[in-house]
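Chain by chain, the residues run as shown.
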Amino acid sequence: MGIELKAKIASKYAKGVESGDVHFTQSDSKKVKDSESGFQYVVTHAPSLLKKPERADAEASKRNPFAEPEPELTVCEDLYDLGQYKLLLNKFPVVPEHLLLVTREVKPQTAPLEPQDLLTSYRLLQDLDDEDEQVRNLIFYNCGKTSGSSQDHKHLQMLRWPKNFVAFQDRLCSGKEHFIPDMRSEPLQDKKLSFAHFVVPLPEDPEAVTEDLLAMTFVSLLQRTLTFFQDWTNERPNLETGYNVLMTRQWLCLVPRSQSKSNELDIGFNATGYAGLVLVKHEEVWNKILEEPQVVNRLMLECGFPNTAGVSATEYHY
Ligand code: B4P
């Protein structure tokens, strides 16, 4: 299935670009290192995204593009014959072959992931990753307005991981075994980062990654994530629930979000930002981040919540 699906995606994408149905955006990318935390970021500058008012935002206000997606963008009408998902090409990619895993039934983008969403995502990763070719993918879910999502129909996204890029989640999970966080064991969280994030390594053996294991792991991370929206209700009563879910074959990560855009600099983040993949549209923001990569950690906090590393679940569980 993997080889067949890869070929289908590649051919659909090539045809889509040629016919103009896929609007690929050219960009520059640079890898930078934050000298304070030691973390890497891949910063991508795509200024032409600013000049395209006709793109996703404008479309979002007109119609639901996922209810009846363009056939030219549809890779699978019914992915894996489950009767649940369509697999589409992103119409406005910055990275080639950017995919969308869209529910066939109309569901809201504020709904949590279901066990089958998680297992299907893992299956896609298994089918499209290729260790020999150093091809790795990231699946992500922007849940709620503050998470950076712009379309309300439930969808996950899949992006090819930049070559030789090590995210903070990779460092955190390196050499660690899978576990399901409970009252005695907290998810992994890196003290050096400013913002709250919850990470669990996934089993190395794909056979061990079952629907139950993914569901239990996700729920344990979601419980911690939702705590923030209860704890902050006095200070910010209008705070909407929002969070990002990030998954690779190696780990699952949730990040609670307080806002989609920074006030300090003109930049917004979706889940990819919280893997260290920072998309920039404005030239001055690009220059600022290249000069001072440490600013990213500060912006992430502004759009997230303070790190809770070292705080046990009993202290902030509800
Ligand atoms: P959302 O979850 O709602 O929003 P988003 O990906 O954050 O993209 P947004 O639309 O806010 O654009 P942004 O300027 O941040 O996902 C909806 C997705 O549906 C979008 O990706 C959109 O392109 C796509 N879409 C809209 N209409 C469609 C249609 N008719 N058919 C198929 N797909 C449709 O980002 C611009 C682009 O860069 C987006 O594609 C985004 O996903 C991508 N991107 C963001 N950060 C990135 C990063 N760090 N690296 C690479 N790409 C990145």
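That block above? That's the structure.
Predicted model only: the values in this text are computed from it and were never measured.

### Some words on the nonpolar core
Soluble globular proteins tend to bury their nonpolar side chains together. Formed by 44 residues in total, the largest nonpolar core has its most connected members in L5, L79, L87, L124 and F218. With seven residues, the top contributor of residues to this core is helix 5 (residues 211–231). Among residues more than four places away in sequence, those in contact with L124 are L5, L79, Y80, L87, L101, I139 and M158. One finds Y41, L159, L193 and M300 within the second-largest nonpolar core, a separate group that totals 39 residues.

### Here we look at the sheet that holds strand 10 (residues 251–256)
Read from one edge to the other, the open sheet built from eight strands follows the order 3-4-5-7-6-9-10-8, with strand pairing classed as antiparallel. Two strands close off the open sheet at either side, each with one partner strand: strand 3 (74–76) and strand 8 (198–201). Strand-to-strand, the axes of this sheet are offset by a mean angle of 20°, without reference to chain direction. Looking at chain direction, strand 6 (residues 137–143) and strand 9 (residues 243–247) are connected through five bridges and run antiparallel. Residue pairing in the sheet places I139 in a bridge with M247 of strand 9. Against the sheet, helix 1 (residues 2–19) touches strand 3, strand 4 (85–89) and strand 5 (99–103), its axis set at about 170° to strand 3. Across the sheet, helix 3 (residues 115–128) lies against strand 4, strand 5, strand 6, strand 7 (155–160) and strand 9, angled at about 155° from strand 6, the strand it touches most.

### Description of the pattern of salt bridges
In this structure the tally under the stated criterion is 17 salt bridges. One salt bridge connects E77 with R104, and the closest N-O pair in it is separated by 4.0 Å. Taken together, the residues span a long stretch of sequence, with E77 in the loop between strand 3 and strand 4 and R104 in the loop between strand 5 and helix 3 at a distance of 27 residues. Its relative accessible area of 49% is what places E77 among the partly exposed residues. With a relative accessible area of 37%, R104 lands in the partly exposed category. Salt-bridge contacts for R136 lead to D170; the nearest nitrogen and oxygen are separated by 2.6 Å. Here R136 is found in the loop between helix 3 and strand 6, whereas its partner D170 is found in helix 4 (residues 168–173), with 34 residues between them in sequence. As far as the burial class goes, R136 and D170 line up, both buried.

Analysis parameters
Residues numbered from 1 in each chain as written. Predicted model: local features only at pLDDT ≥ 70, side-chain atom pairs only at ≥ 80, totals over all residues. Heavy atoms only, no water. Core = buried A, V, L, I, M, F, W, Y, C linked by side-chain atoms within 4.5 Å. Buried < 20%, exposed > 50% of the residue type's maximum accessible area, 1.4 Å probe, protein only. Helix = DSSP H or I, 4+ residues; strand = E, 2+ residues; numbered from the N terminus. Contact = heavy atoms within 4.5 Å. Pairing = 2+ DSSP bridges. Axes fitted to C-alpha atoms, helices over the stretch in contact; angles between N-to-C directions. Salt bridge = Lys/Arg side-chain N within 4 Å of Asp/Glu carboxyl O.

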